[in-house]
Amino acid sequence: MKKKSYRERYFEDNQPVREVANNRKGYRIVYRYVGLWVAWRSEKWPLKTVKWAFALAELASICLYLTCARVDTPLNRCQLANGFGVLSVVPWILELSGVVRFLLSKAYAKEMDSAEIDQSIRYGAVLRAVLLGLSLLCSVVNVLIHGTATVLDAGMALGILASIALSAAVWRGYRSLLLDTYHNVDGAPGSRC
């Protein structure tokens, strides 16, 4: 089965409608959303609390990452580890874009937007955690081989582990959310599917 492009998916969920307009034709074409609506919900917490937790986790993770990256220790002198650390920024941007879109979403989201947020958070968080884990592993192996470990290295390793844990917490927290699907009634959510 061929995967549909963004354009194909867009035109499946949006249909052209003629509207009266003050132009030569007397009308204009406007695309109205006719697809399904999605609403996130949590069984344990209000959705606003979940969003705040995600925002704080991302903020703490950014602070930990930047702090650990700026410290001059033997743990930061392994080029392979630094490469994995820099590569982890790419999925992090993907994760952050998904989290920001989730934080800014209203009570109901279009089905296609929900799927994009889902993919960004799930893939971004997992890839970032894996790359940071590889970076930490390379650094620790390098420090142990050369015998240059310091107390500051141990603190940095804990900071990187905490950043990995925060990424895993965001992934797990998003995975635990439930999705309710609603029919579209004149461009607004209607009855539940």
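As a reminder, the structure under discussion sits directly above these lines.
Just so we're clear, the structure is a prediction, and the values are computed from it rather than from any experiment.

Enquirer: Just checking my understanding: could you explain the pattern of salt bridges for this structure?
Expert: Close approach of charged atoms allows side chains of opposite charge to pair. Counted by the stated rule, this structure contains 9 salt bridges. Residue arginine 32 pairs with glutamate 19 through a salt bridge whose shortest N-O separation is 2.2 Å. Note that arginine 32 is positioned in strand β2 (residues 27-33) and glutamate 19 in strand β1 (residues 14-20), a separation of 13 residues in sequence. A residue is classified by how much of its surface remains accessible, and glutamate 19, at 21% relative accessible area, is partly exposed. Of the charged contacts, one joins aspartate 180 and arginine 192 as a salt bridge, the two residues approaching to 3.0 Å between their closest N and O atoms. Of this pair, aspartate 180 sits in strand β5 (residues 178-185) while arginine 192 is found in strand β6 (residues 188-192), placing the two residues 12 residues apart along the sequence.

Enquirer: How should I be thinking about the packing of aromatic side chains in this particular structure?
Expert: What describes a pair of aromatic rings is the distance from one ring centre to the other and the angle between the planes of the rings. Overall, the coordinates contain 6 aromatic pairs when judged by the stated rule. With a centroid separation of 5.6 Å and an interplanar angle of 45 degrees, the aromatic rings of phenylalanine 54 and phenylalanine 102 are classed as tilted. Within this pair, whereas phenylalanine 54 is found in helix α2 (residues 47-70), its partner phenylalanine 102 is found in helix α4 (residues 89-104), the two being separated by 48 residues in sequence. Residues phenylalanine 102 and tyrosine 174 carry aromatic rings whose centres are separated by 5.7 Å and whose planes lie at 90 degrees to one another, so their mutual orientation is edge-to-face.

Enquirer: Whenever I open this one, the pairing of β2 confuses me. Can you help?
Expert: As a general feature of sheets, a regular strand has side chains that alternate between the two faces. Relative to β2, β1 runs antiparallel, the two being bridged by 7 bridges. Opposite arginine 18, over in β2, you have isoleucine 29 as the bridge partner. Counted along the chain from β1 to the antiparallel partner β2, the turn is 6 residues long, and its residue glycine 26 has a positive phi close to 90 degrees.

Each value, and the rule that gives it
- Residues numbered from 1 in each chain as written.
- Predicted model: local features only at pLDDT ≥ 70, side-chain atom pairs only at ≥ 80, totals over all residues.
- Heavy atoms only, no water.
- Salt bridge = Lys/Arg side-chain N within 4 Å of Asp/Glu carboxyl O.
- Helix = DSSP H or I, 4+ residues; strand = E, 2+ residues; numbered from the N terminus.
- Buried < 20%, exposed > 50% of the residue type's maximum accessible area, 1.4 Å probe, protein only.
- Phe/Tyr/Trp six-rings, centres within 6.5 Å; stacked < 30°, edge-to-face > 60°.
- Pairing = 2+ DSSP bridges.

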